[in-house]
Amino acid sequence: MKHTHPHVIPRRQALRKLALTAGTAAALPLAALLANSRTFAAETSGKASKAAVKYQDHPDGASFCANCANFIPGPTSDSLGTCLVVAGTISPKGWCLAYAAG
Ligand code: SF4
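Everything quoted here is computed from the prediction, not taken from an experiment.

Calculation notes
- Residues numbered from 1 in each chain as written.
- Predicted model: local features only at pLDDT ≥ 70, side-chain atom pairs only at ≥ 80, totals over all residues.
- Heavy atoms only, no water.
- Helix = DSSP H or I, 4+ residues; strand = E, 2+ residues; numbered from the N terminus.
- Buried < 20%, exposed > 50% of the residue type's maximum accessible area, 1.4 Å probe, protein only.
- Contact = heavy atoms within 4.5 Å.
- Areas by Shrake-Rupley, 256 points an atom, 1.4 Å probe, with all protein chains shown as cover.
- Patch = residues over 30% accessible without salt bridge, like charges linked within 9 Å, V, L, I, M, F, W, Y side chains within 5 Å.
- Salt bridge = Lys/Arg side-chain N within 4 Å of Asp/Glu carboxyl O.
- Near = heavy atom within 4 Å.
- Nonpolar A, V, L, I, M, F, W, Y, C, P; charged D, E, K, R; others polar.

A. The overall build of the chain, seen in detail. Each helix and strand in the chain was counted, giving one helix and two strands. Going residue by residue from the N terminus, the α and β elements of the chain occur as α-β-β. Each of the 102 residues in the chain was classed as buried or not, and the buried ones make up 17%. Counted over contacts in the chain with a minimum sequence separation of 6, partners at least 24 positions apart contribute 66%. Carbon and sulfur atoms make up 64% of the accessible area of the chain, which amounts to about 7,700 Å² in all.

Set out below in structure tokens:
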């Protein structure tokens, strides 16, 4: 019969334990990073701020949000909508530097 010390962990078991520990250690920061990036995306919507694109609530000549390819209209043609690239509510009569003729 093979005699083993009660506190000696067999090599294979020790390696498995080490791999699990390393995997868990690597997974935790990644999970934290993902959670942080989701929070960041939710907070910013992943969109530009109105200030960054110099959004204004009036047209720039014949260019305005209602005829921009990025505009997502509200329930009526006069109501506020949203934008694919700019955060917040957007006036159909607004305009910004990200205007894209639609
Ligand atoms: S990109 Fe600018 S101009 Fe176009 S809908 Fe969005 S806010 Fe309006």
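B. Spotlight on a nonpolar patch on the surface. A surface patch of nonpolar side chains, about 230 Å² in accessible area, is lined by Ile72, Leu84 and Val85. Counting through the fold element by element, Leu84 comes out in the segment after strand S2 (82-83). The exposed category is assigned to Leu84, whose relative accessible area is 51%.

C. Highlighting the site of the ligand. Taken together, the residues surrounding the ligand are Tyr55, Cys65, Cys68, Asn70, Phe71, Cys83, Val85, Val86, Trp95, Cys96, Ala98 and Tyr99. For the shell around the ligand, the class distribution of residues is eleven nonpolar, one polar and no charged.

D. Unusual backbone geometry, seen in detail. At Lys54, a position not held by glycine, the phi torsion is positive, near 55°. Inspection of the secondary structure assignment puts Lys54 in the loop between helix H1 (11-44) and strand S1 (71-72). Look at Lys54 and you get exposed, because its relative accessible area is 56%.

E. Structural detail: the environment of Pro92. Positionally, Pro92 belongs in the segment after S2. Along the chain, Pro92 and Leu80 lie twelve residues apart, while their C-alpha atoms are 6.3 Å from each other. Once you skip the residues sitting within four places of it in the chain, Pro92 turns out to touch Phe64, Cys65, Ala66, Phe71, Ser77, Asp78, Ser79 and Leu80.

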